[in-house]
Amino acid sequence: MSEIIVVTSGKGGVGKTTTSASIACGLARRGKRVAVLDFDVGLRNLDLVMGCERRVVYDFVNVINGDCTLKQALIKDKRIDSLFVLAASQTRDKEALSREGVRRVLDELIADGFDYIVCDSPAGIEKGAHLAMYFADRAIVVVNPEVSSVRDSDRILGLLASKTERAEKGESPVKEHLLLTRYSPRRVGSGEMMSVDDVKEILGIEVIGVIPESPDVLSASNAGTPVILNSESDAAMAYEDAVARLLGDTVPLRFLEERKRGFLARVFGG
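This structure is a prediction, so every number in the text was calculated from the model and none was measured.

Before going further, it helps to examine empty space enclosed by the protein. Tallied over the full model, the rule gives two cavities of 30 Å³ or more. The calculated volume of the largest cavity comes to roughly 40 Å³. Lining of the largest cavity is provided by Gly209, Val210, Ala238, Asp241, Arg245, Leu253, Arg254 and Phe255. Secondary structure elements with two or more residues in the lining of the largest cavity: strand 8 (207-212) and helix 12 (234-246). When residues of the lining of the largest cavity are assigned to their parent elements, the largest contribution, three residues, is made by helix 12. Taken together, the residues that form the lining of the largest cavity break down as four nonpolar, one polar and three charged.

Structure representation (structure tokens):
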């Protein structure tokens, strides 16, 4: 049975697209058939992070408008056979998406046997973000551990509870997961950043992952490779843990404490 996952946040720049790409890759590497869709019409970043920007011929809006078939627009990942990308349009505005059009695309992906459909949402509460979450079964709410990001995400939780298809039909609610990004135990210890427990207490949802602050994330995005594919990176390991939890495994949280430096590192400043 297919499951639709929206990756969302109230604030921009918190790592939604990085998360969408890594979660989609992680699921596909575990043998799932996965499509990841970019709802950020007018900006289009998912194809860059996935490293397939030169292969975009047709996009999400082309499919909705009937300019091409869904199969023509889906881009098969070169690294993982069961992973596909649907890019957003760079030349249209967000009004180009319609609820009926999005429903048709999702229905076709479900009929085609995709196990997971990951919807990479724009930030905030405008039309593209609303459509990305409207049909969701699960939501991964991406938060930086700072007051403005947490406050804006609280608004998103309100929309998930009241403005989705499940809410309108009185069905079981969208299952919400909290994912913290750019987490720095050092800054938490110095009081510059909220702790995992602080964020969890305010938002009231379970933590599915804590992604440590890491230069690997930017390097991977610039290289067009989802960071989860960098097996040496702490961020990759944290995303792998999040995927495991999403699939129902019990995995302890890591990277919550500052790494102790060895004697030579302390002496020589490494």
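Here we take up helix 1 (residues 16-29). Its 14 residues give helix 1 an end-to-end C-alpha distance of 20 Å, which sits within 8% of 20 Å, the value for a rise of 1.5 Å per residue. Burial runs high along helix 1: 13 of the 14 residues are buried. Of the residues flanking the end of helix 1, it is glycine 31, one or two places downstream, whose phi is positive at about 90°.

What follows is about the state of the cysteines. Scanning the model with the defined rule gives zero disulfides in all. Among the cysteines around cysteine 25, which has no disulfide bond, cysteine 52 carries the closest sulfur, lying 10 Å off. Judged by its relative accessible area of 0%, cysteine 25 is buried. Residue class for cysteine 52 comes out buried when judged on its relative accessible area of 4%.

This part covers the packing of helix 1 against helix 12. A packed helix pair is summarised by two numbers, namely the angle formed by the two axes and the spacing between the axes. Across the interface, helix 1 lies against helix 12 with an axial gap of 9 Å and an inter-helix angle of 65°. The chirality of how helix 1 crosses helix 12 is right-handed. Along its contact with helix 1, which presents Thr18, Thr19, Ser22, Ile23, Gly26, Leu27 and Arg29, the element helix 12 presents Tyr239, Glu240, Ala242, Val243 and Leu246. Residues belonging to the contact of helix 1 with helix 12 are distributed by class as follows: six nonpolar, four polar and two charged.

Attention now goes to the packing of aromatic side chains. Evaluation of the coordinates by the stated rule reveals three aromatic pairs. A centroid spacing of 5.1 Å and a plane angle of 80° characterise the contact between phenylalanine 39 and phenylalanine 60, whose relative ring orientation is edge-to-face. Pair noted here: phenylalanine 39 is in the loop between strand 2 (34-38) and helix 2 (46-50) and phenylalanine 60 is in helix 3 (residues 60-65), with a separation of 21 residues, a long-range link. When sorted by exposure, phenylalanine 39 lands in the same class as phenylalanine 60, which is buried. Here the aromatic rings of phenylalanine 84 and phenylalanine 114 are separated by 5.6 Å at their centres, their planes lie at 90°, and the arrangement is edge-to-face. With phenylalanine 84 in strand 4 (residues 83-86) and phenylalanine 114 in the loop between helix 5 (99-111) and strand 5 (116-120), this pair connects stretches of sequence that are 30 residues apart. The residues phenylalanine 84 and phenylalanine 114 share a single accessibility class, namely buried. Lying over the aromatic face of phenylalanine 114, arginine 33 brings its terminal NZ or CZ to 4.1 Å of the ring centre.

Okay, the pairing of strand 1 (residues 3-8) next. Counting buried residues along strand 1, six of its six residues qualify, which places the element largely inside the surrounding structure. For strand 1 and strand 5, the ladder comprises five bridges, and the chain directions are parallel. Each residue of the ladder has a partner; that of isoleucine 4, found in strand 5, is isoleucine 117. Relative to strand 6 (residues 138-143), strand 1 runs parallel, the two sharing four bridges. Bridge pairing in strand 6 places isoleucine 5 opposite arginine 138.

Let's shift gears to the nonpolar core. If you look at the biggest cluster of nonpolar residues, it comprises 49 residues, and the most contacted ones within it are Leu37, Phe39, Phe60, Leu86, Val105 and Leu109. When residues in this core are grouped by element, the largest group, five residues, is from helix 7 (residues 147-162). Those residues in contact with leucine 37, other than ones at most four positions away along the chain, are Leu46, Phe60, Leu86, Val105, Leu106, Leu109, Ile117, Val118, Cys119 and Asp120. Membership of the second largest hydrophobic core comes to 38 residues, among which are Cys25, Cys52, Val85 and Tyr116.

Cut-offs used in this document
Throughout, a residue's number is its position along its own chain's written sequence, starting from 1. Local features are withheld for residues below a pLDDT of 70 in this predicted model, meaning they are given only at 70 or higher, and side-chain atom pairs are given and counted only at 80 or more; totals for whole chains, interfaces and linings count all residues. Hydrogens and waters are ignored; side-chain quantities use all the structure's heavy atoms. Buriedness for pockets is judged along seven lines, at least five of which must meet protein on both sides within 12 Å for an open set on the 1 Å grid over protein atoms alone, while cavities are sets there where a 1.4 Å probe fits but cannot get out, and lining residues have an atom within 4 Å of a point. Grid points are joined across faces, edges and corners, and a volume is the space filled by probe spheres set on the points. Here a helix means four or more residues in a row that DSSP labels H or I, a strand means two or more in a row labelled E, and each is numbered from the N terminus. Gly is put with the polar residues, along with every residue not named as nonpolar or charged; the nonpolar set is Ala, Val, Leu, Ile, Met, Phe, Trp, Tyr, Cys and Pro, and the charged set is Asp, Glu, Lys and Arg. Expected span of a helix, by definition, is 1.5 Å for each gap between consecutive residues, and there is one gap fewer than residues. Categorising residues by exposure relies on relative accessible area from a 1.4 Å probe, with only protein chains included: less than 20% of the type maximum marks a residue as buried, more than 50% marks it as exposed, and the intermediate range marks it as partly exposed. Disulfides are defined in this document as cysteine sulfur pairs within 2.5 Å. Note on geometry: axes are lines fitted to C-alpha atoms, helical ones only across the stretch in contact, with angles between N-to-C directions running from 0 to 180 degrees. Should the near helix be turned counterclockwise from the far one by less than a right angle, the crossing is left-handed, whereas a clockwise turn marks it as right-handed. Any two residues whose heavy atoms approach within 4.5 Å at even a single point are treated as in contact. Two rings belonging to Phe, Tyr or Trp (six-membered ring only in the last case) form a pair when the distance between their centres is within 6.5 Å. Interplanar angles under 30 degrees mark stacking, angles over 60 mark edge-to-face geometry, and anything in between is tilted. Should the NZ of a Lys or the CZ of an Arg lie within 6 Å of a ring centre and within 35 degrees of the ring normal, that charge is described as sitting over the ring. Strand pairing is assigned whenever DSSP detects at least two bridges linking the two strands. The definition of a nonpolar core used throughout is a set of buried Ala, Val, Leu, Ile, Met, Phe, Trp, Tyr and Cys residues joined through side-chain atoms within 4.5 Å.

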